[in-house]
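Survey of secondary and tertiary structure
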Amino acid sequence: MTDQSITSVSRESRAFKPSAEFKAQANLGSEATYKRLYAESVNSPEKFWSRQAKELLVWRKPFRSVVKWNAPHAEWFGGGMLNVAENCLDRHLGTARENKAALIFEGEPGDVRTITYKQLHFHVCRLAHVFENLNVGKGDRVAIYMPMVPEAVVAMLACARVGAIHTVVFGGFSSESLKDRINDCGAKLVITADGGWRRGKVVELKKTVDEALEHTPSVQTVLVLRRCKNEINMQEGRDIWWHEAWEGAPNHHKAKAFPSEHPLFILYTSGSTGKPKGVLHTSAGYLLGCKLSSQYVFDLKESDLYFCSADIGWITGHSYVVYGLLSNGATVFLYEGAPNEPGPDRFWRMIDRHGITIFYTAPTAIRAFMRWGDNYVLSHQLSSLRLLGSVGEPINPEAWMWYHRMIGKKRCPIVDTWWQTETGSIMITPLPGVTTCKPGSATRPFFGVVPKVVDEKGKEVPKGQGGKLVITKPWPSMLRTLWGDDRRYQQTYFSEYPGIYFTGDGARQDKDGYFWIVGRIDDVLNISGHRLGTAEVESALVAHPAVAEAAAVGRPDDLKGQSLVCFVTLKSGIEATEDLKQKLRAHVAKEIGALARPDSIRFAAALPKTRSGKIMRRILKEIAVGGEVKGDTTTLEDFTVVATLQAED
Ligand code: PRX
């Protein structure tokens, strides 16, 4: 083995076949259909995508070409014209879906609203008029900084309707982060709310906007939704109330058509270094990717009530709360607040209360549920659920098994979906009713996706061996560039292997061709010449009954290259003892092999995470190495976690 290859050690061998019952009703009911469609999608992509685009999207003007790939730039559905909002709303009017709920909303205080497709259309039309009155239209940038309320969805769709480009900034970001994003894209309009509810308190969004706007020359107007009725400052000539601005605006609006490649949104995503990248997605290809994947991955049916716990400030919220679901005419459940407000069973309570059938969440949340304890789950029925999903990180097999047993009651398929902000839609995933699942594996590529695991030279590695994950062919929902920085786009994604998209993730394919993501390449450990994914060590630790969550990082070591330091949080009620440390070290050595025996285990009350719940190993590494955190911590959710870890050092 060269020191460039990645040792992948997971020995997970459990497999779960789809039940006959699920299979019988699945949208894509057979392995043969998957194989046939997949083969067509990669061997004759133009034929496949042309058919899908014609069947699934509403066009104002038909496209002339399917794809023009001038690496690394793609043009999909050239010559075609459409309106994305019309594809999510108007198309359902005059059909049986017209009076179907598009959104069912529950606020953190418990307030519930149902908004039908017809009503959502009215709302979006009215806001589109407000935009036009403010002279906000085609190509203008609009920053959305809102709580998870229906109006956030309305704001996104109204942008799409008038051809403005939205950039949603997650409501947990600071004024500094908001300011940087507004300035990077030169937003003209900011849409916000007085506040949003989180853990029983008001998050004062407008106040943060006011601070950010001290240094944002491009912003002309701030549109403010009244949500919490907290006191705010309205700046004369700049700030207007949503409810006043749209008073009297007509609830019908003739939408213009825009070219297929018209920019739909910019979404900032933090890299491990440097300033956030403004990932740009465009209209037709993006929408098609979201719509097609939603239909098959979530096995959507007219009667489903779908709940994705991601905020619309993340790509998951864009693709699988808004665009993929509404274009399919689904009913989407939106929740405003924290998962443990007023108690750790909030989600289960809402699932039973509303009859939610599909639940899509992140491994970090699943591990939190595990940590809070089974009793919070067991006091609810969860009998309406029929499908579960996971996204955002590798799901460790223990968490998968818990999700399967405790939430899915062994009845619901789990779709472990691998994708990225950049890919726009789901890329590697089981198809429910078809794919046999292995806990911890995202399994096989979705239609049109050609992933490969390659070595440093770009050569495909043998099955069973780890390497870097690349996508070798363009796909409709891929990012088109980084806003204002095409050079960085080329460098970040297409310079490692010219003309081929580099994901930044390490992976391995097993003998059945299943993909196992071992985590970000930046997080790879190098111990005595073995490059090990952090996810594998962490997964072994979490498999121990005492452990709730774990993060593995490397510390420079003269002898081994790196020594392995693991930060571990324990389940409630477990005592942190020296003896347990030794047991955990032995446990990892037994699970993975002696090479992965942690050199040091540190117990921590909590781990530093980004606001989207990803563990920030970079920070833990700094603590492990020098005890002090010097790097950028602006994307950190809670700095006190770091302060505590530093103090303990
Ligand atoms: O490392 C992979 C991990 O999350 C990264 C993408 O993060 P982001 O752009 O924030 O998008 C998250 C929501 C799509 C990937 O490069 N990741 C995401 N899903 C999975 C995953 N790792 C393993 N398994 C997954 N299912």
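Now for a description of the structure that goes with this document. (Residues numbered from 1 in each chain as written. Predicted model: local features only at pLDDT ≥ 70, side-chain atom pairs only at ≥ 80, totals over all residues. Heavy atoms only, no water.)

Observations concerning the overall build of the protein chain
Convention followed: Only DSSP runs of H or I reaching four residues or more are called helices, and only runs of E reaching two or more are called strands; each is numbered from the N terminus. Per-residue accessibility, obtained with a 1.4 Å probe over protein chains only, is compared with the maximum for each type, and a residue is labelled buried under 20%, exposed over 50%, and partly exposed between these values. In this analysis, two residues are considered to be in contact whenever any of their non-hydrogen atoms come within 4.5 Å of each other. Where accessible areas are quoted, they stem from the Shrake-Rupley method and a 1.4 Å probe; at the residue level, only the protein chains shown are allowed to cover. Under the convention used here, Asp and Glu are negative, Lys and Arg are positive, and both His and the chain ends fall outside the count. Here the site of a charge means atom NZ of a Lys, CZ of an Arg, CG of an Asp or CD of a Glu.
Within the protein chain, the secondary structure is distributed over 20 helices and 31 strands. Taken along the three principal axes of its C-alpha coordinates, the protein chain extends 70 × 55 × 50 Å. Sorting the 649 residues of the protein chain into buried and exposed places 62% on the buried side. For the protein chain, restricting intrachain contacts to residue pairs at least 6 apart in sequence, the fraction spanning at least 24 positions comes to 71%. Carbon and sulfur atoms make up 49% of the accessible area of the protein chain, which amounts to about 24200 Å² in all. The centroid of the 81 positive side-chain charges in the protein chain is displaced by 6 Å from the centroid of its 72 negative side-chain charges.

Some remarks on the pattern of salt bridges
Going by this rule: For this analysis, a salt bridge means a side-chain nitrogen from Lys or Arg found within 4 Å of a carboxyl oxygen belonging to Asp or Glu.
Counted by the stated rule, this structure contains 41 salt bridges. Two residues, Lys47 and Glu40, come together in a salt bridge whose shortest N-O distance is 3.8 Å. Take Lys47: its relative accessible area is 55%, and that puts it in the exposed class. Salt bridges linked by common partners bring Lys206, Asp210, Arg238 and Asp239 together as one network.

Here's the deal with the packing of aromatic side chains
This is how it is decided: What counts as a ring pair is set by centres within 6.5 Å for rings of Phe, Tyr and Trp (its six-membered ring), and what kind of pair is set by the plane angle: stacked under 30 degrees, edge-to-face over 60, tilted for all other angles.
Scanning the entire structure with this criterion turns up 42 aromatic pairs. On the numbers, 5.4 Å between centres and 35° between planes, the contact of Phe307 with Phe359 is tilted. Separated by 52 residues along the polypeptide, Phe307 in strand E17 (residues 305-308) and Phe359 in strand E19 (residues 358-361) bring together distant segments of the chain. Of the two residues examined, Phe307 and Phe359, each falls in the buried class. Connected via pairs of aromatic rings, a cluster forms that spans Tyr34, Tyr38, Phe48, Trp49, Trp59, Phe63, Trp76, Phe77, Tyr296, Phe446 and Phe447.

Considerations on the sheet that holds strand E30 (residues 561-570)
Worth spelling out the cut-off: Two strands qualify as a pair provided DSSP detects at least 2 bridges between them. Fitted lines through C-alpha atoms give the axes, limited to the stretch in contact for helices. The angle between two N-to-C directions lies from 0 to 180 degrees.
Taken together, the three strands give an open sheet; going across it, the order is E29-E30-E31, and neighbouring strands pair in mixed fashion. Edge positions in the sheet fall to strand E29 (547-557) and strand E31 (600-603), since each has one partner strand and no second. Here the average twist between neighbouring strands, direction ignored, is 25°. Bridge analysis of E29 against E30 gives 10 bridges, and the strand direction is antiparallel. Considered in E30, the bridge of Asp557 is made with Gly561. Against the sheet, helix H19 (residues 617-626) touches E29, E30 and E31, its axis set at about 60° to E29.

Section: the side chain of Glu336
Put simply, the rule reads: Contacts described as polar in this section are N or O atom pairs within 3.5 Å, which, within protein, must combine one atom able to donate a hydrogen with one able to accept it, while residues neighboring in sequence count only if both atoms come from side chains.
Turning to its location among the elements, Glu336 is positioned in the loop between strand E18 (331-335) and helix H12 (346-354). At a separation of 2.9 Å, a polar atom in the side chain of Glu336 contacts the main-chain amide nitrogen of Glu108. Contacts of Glu336, omitting those with residues within four sequence positions, involve Phe105, Glu106, Gly107, Glu108, Pro109, Pro147, Met148, Val149, Gly196, Trp197 and Arg227.

Observations concerning the environment of Ala550
Within the fold, Ala550 resides in strand E29. Given a relative accessible area of 4%, Ala550 falls into the buried group. Sequence separation between Ala550 and Glu538 is 12 residues, and the spatial gap between their C-alpha atoms is 5.3 Å.

Concerning the site of the ligand
Condition: The criterion for a residue being near a molecule or strand is simple. One of its heavy atoms has to lie within 4 Å of it.
As a matter of local geometry, the ligand sits amid 16 residues, with Asp416, Thr417, Gln420, Thr421 and Arg520 nearest to it. In this structure, Asp416 approaches the ligand through a side-chain N or O atom, which is 2.7 Å from a nitrogen atom. One of the side-chain nitrogen or oxygen atoms of Arg520 is found 2.9 Å away from an oxygen atom of the ligand. The fraction of the free accessible surface of the ligand (540 Å²) that becomes covered by protein chains is 90%. Elements with a minimum of two residues in the shell around the ligand: helix H11 (315-326), strand E21 (414-417) and strand E26 (515-520).

What to know about the pairing of E31
Note the threshold: We call a crossover right-handed when, viewed with the strands running away from us, the connection from the first strand over the helix to the second turns clockwise.
Alternating positions in E31 separate into two faces, Ser600 and Arg602 on one and Ile601 and Phe603 on the other, with burial throughout. Pairing between E30 and E31: four bridges, direction parallel. Residue pairing in the sheet places Cys566 in a bridge with Ile601 of E31. Running through helix H18 (residues 578-592), the crossover from E30 to the neighbouring parallel element E31 is right-handed.

Description of the sheet that holds E17
Sheets are built from strands paired through backbone hydrogen bonds, the pairs being either parallel or antiparallel. Taken together, the seven strands give an open sheet; going across it, the order is E6-E5-E18-E17-E19-E20-E21, and neighbouring strands pair in mixed fashion. The sheet terminates laterally at strand E6 (112-116) and E21, the two strands that pair on one side only. Ignoring strand direction, the axes of neighbouring strands in this sheet form an average angle of 20°.

Observations regarding the packing of helix H5 (residues 117-133) against helix H6 (residues 150-162)
In plain terms, the rule: The scheme is simple: roughly parallel for angles under 35 degrees, roughly antiparallel for over 145, roughly perpendicular for 65 to 115, oblique for anything else. If you view the pair so one helix is near and one far, a crossing is left-handed when the near helix is turned anticlockwise from the far one by less than a right angle, and right-handed when it is turned clockwise.
Relative orientation of the contacting elements H5 and H6 amounts to 60°, with a least axis distance of 8 Å. By the angle between their directions, the pair H5 and H6 is classed as oblique. Considering how the two elements wind past one another, H5 and H6 form a crossing that is right-handed. Each of Leu120, His121, His123, Val124, Cys125, Leu127, Ala128, Phe131 and Glu132 in H5 lies in contact with H6, whose residues at this interface are Val154, Ala155, Leu157, Ala158, Cys159, Arg161 and Val162.

Some thoughts on the state of the cysteines
Structurally, a disulfide amounts to a covalent bond that connects the sulfur atoms of two cysteines. So the rule is basically this: The rule for a disulfide is simple: a pair of cysteine sulfur atoms within 2.5 Å.
Within the structure shown, the criterion is met by zero disulfides. No disulfide involves Cys159; its nearest neighbouring cysteine sulfur is the one of Cys185, lying 11 Å away.

Some words on unusual backbone geometry
Look at the link from Ala71 to Pro72: it is a cis peptide, with omega at 0°. Examined against the element boundaries, Pro72 turns out to sit in the loop between strand E2 (67-70) and strand E3 (73-76). Here the amide bond leading from Glu341 into Pro342 is cis, since omega sits at 0°, within 30 degrees of zero. When you line up the elements, Pro342 lands in the loop between E18 and H12. You will see that Lys229, though not glycine, has its phi angle at about 60°, which is positive. Position of Lys229 among the secondary structure elements: in the loop between strand E12 (221-225) and strand E13 (239-241). Overall, Lys229 belongs to the exposed group, its relative accessible area being 66%.

What to know about the environment of Ile414
Within the secondary structure, Ile414 sits in strand E21. Exposure remark for Ile414: the relative accessible area of 2% places this residue in the buried category. Residues Ile414 and Tyr360 lie 54 residues apart in sequence; the distance between their C-alpha atoms is 9.2 Å.

Focus: the pairing of strand E25 (residues 501-509)
For E25, the tally of buried residues reaches nine of nine residues, placing the bulk of the element in the interior. Where strand E23 (residues 466-471) lies against E25, five bridges are found, and the strand directions are antiparallel. Bridge pairing in E25 places Gly467 opposite Ala507. As defined by bridge partners, E25 adjoins E26 across five bridges and the pair is classed as antiparallel. Bridging across to E26, Ala507 finds its partner in Ile517.

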